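Take a look at the letters that make up each chain.
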Amino acid sequence: MDNVDTDQIIPARFLKATTKEGFGKNLFRDWRYEGDNEAKPKKEFVLNHQQYNGSILVAGKNFGCGSSREHAAWALADYGFSVVVSSFFADIFKNNALNNGVLPVQVSDAFMDKIFALQNDATLTINLEEQSIKIDNNCEEEHFEINHYKKTCLLNGYDDIDYLLSIKEEIEMFEKENQLS
């Protein structure tokens, strides 16, 4: 589906918590359940089917548009998604995802069409180090862009503070070499 906004990802009425835990149960809440009744999942919603339980979410174009809601990335991660594939991401969502350990893989429209052409049989392999995505069924492959700093953080499980601590010796050496006399 195209143009999935952050309110569809995690509806505003579930934004009461200030920690990242627990948002996954309300991911796509209005699409997954009949009203507010978790006991009544909608049969037609894809994530309510066991065969679609993976760590990669394939989305339509313009995923994460709308309000700058970090909770959307929290909900995706808490649900178990580590990657979202789309042919376009809203910039704020993309940064929120990266800051919360969710890799947004932006592919061309043509590559997206190839994934969707396989219907529900497509399996994907994401290689962050090589910055590639491969459709396992037909070995089609495409490379994606990612900021070097964010790539380093994702590969090492760093947040911003962890990254700074990882280069602490370099920072100390720089300070020592550039002290004012």
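The structure displayed is predicted, hence computed values, not measured ones.

Criteria and thresholds
Residues numbered from 1 in each chain as written. Predicted model: local features only at pLDDT ≥ 70, side-chain atom pairs only at ≥ 80, totals over all residues. Heavy atoms only, no water. Helix = DSSP H or I, 4+ residues; strand = E, 2+ residues; numbered from the N terminus. Contact = heavy atoms within 4.5 Å. Polar contact = N/O pair within 3.5 Å; in protein donor to acceptor, adjacent residues only side chain to side chain. Pairing = 2+ DSSP bridges. Axes fitted to C-alpha atoms, helices over the stretch in contact; angles between N-to-C directions. Salt bridge = Lys/Arg side-chain N within 4 Å of Asp/Glu carboxyl O. Buried < 20%, exposed > 50% of the residue type's maximum accessible area, 1.4 Å probe, protein only. Core = buried A, V, L, I, M, F, W, Y, C linked by side-chain atoms within 4.5 Å.

Asks: Quick question: what am I supposed to make of the environment of Asp-2 here?
Replies: Considering the arrangement of structural elements, one finds Asp-2 in the segment before α1 (6-9). It is 16 Å that separates the C-alpha atoms of Asp-2 and Asp-30, two residues lying 28 residues apart in sequence. If sequence neighbours within four positions are ignored, Asp-2 has contacts with Gly-60 and Lys-61. Reaching out from Asp-2, the side chain makes a polar contact with the backbone nitrogen of Lys-61 at a distance of 2.7 Å.

Asks: What's the story with the sheet that holds strand β5 (residues 103-106) in this structure? I'm lost.
Replies: The strands making up a sheet associate through hydrogen bonds between their backbones, and the pairing can be parallel or antiparallel. One open sheet holds the three strands; their spatial order is β3-β4-β5, and the pairing between them is parallel. Lying at the two open borders of the sheet, with one neighbouring strand each, are β3 (56-58) and β5. Strand-to-strand, the axes of this sheet are offset by a mean angle of 20 degrees, without reference to chain direction. Direction of pairing for strand β4 (residues 83-86) relative to β5: parallel, over a ladder of four bridges. By the bridge assignment for β5, Val-85 is matched with Val-105.

Asks: In this structure, what is going on with the pattern of salt bridges? I would like to understand it.
Replies: Inspection of every chain in the model, using the stated rule, returns six salt bridges. A salt bridge links Lys-114 to Glu-140; the shortest N-O distance between them is 3.0 Å. Remark: Glu-140 occurs in strand β8 (residues 140-143) and Lys-114 occurs in helix α5 (residues 109-117); sequence separation between them is 26 residues. Given a relative accessible area of 34%, Lys-114 falls into the partly exposed group.

Asks: It is not clear to me how the pairing of strand β2 (residues 37-41) should be interpreted in this structure. Could you clarify?
Replies: Within a regular beta strand, the side chains point alternately toward one face of the sheet and then the other, so they alternate between its two faces. The sheet contact formed by strand β1 (residues 33-34) and β2 spans two bridges and is antiparallel. Paired with Tyr-33 across the strands is Pro-41, a residue of β2. Hairpin connection of β1 to β2: two residues between the antiparallel strands, including Gly-35 at a positive phi of 60 degrees.

Asks: Please clarify how the side chain of Ser-86 should be interpreted in this entry.
Replies: Following the sequence through the fold, Ser-86 ends up in strand β4. Here Gly-60 takes part through its backbone oxygen, which lies 2.6 Å from a polar atom of the side chain of Ser-86. If we ignore the near neighbours within four places in the chain, the residues touching Ser-86 are Ala-59, Gly-60, Lys-61, Asn-62, Phe-63, Val-105, Gln-106, Val-107 and Met-112.

Asks: Just to check I follow, could you spell out the nonpolar core for this structure?
Replies: Across soluble globular proteins, you tend to see nonpolar side chains buried next to one another. If you look at the biggest cluster of nonpolar residues, it comprises 24 residues, and the most contacted ones within it are Ile-9, Phe-28, Phe-63, Leu-76, Val-84 and Phe-93. Contributions of two or more residues to this core are made by α3 (70-79) and α4 (91-99). Apart from residues no more than four positions distant in its own chain, Val-84 is found in contact with Leu-57, Ala-59, Phe-63, Leu-76, Phe-89, Val-102, Leu-103, Pro-104 and Val-105. Counting residues in each nonpolar core, the second largest holds 15 residues, with Phe-111, Ile-115, Leu-128 and Ile-135 among its members.

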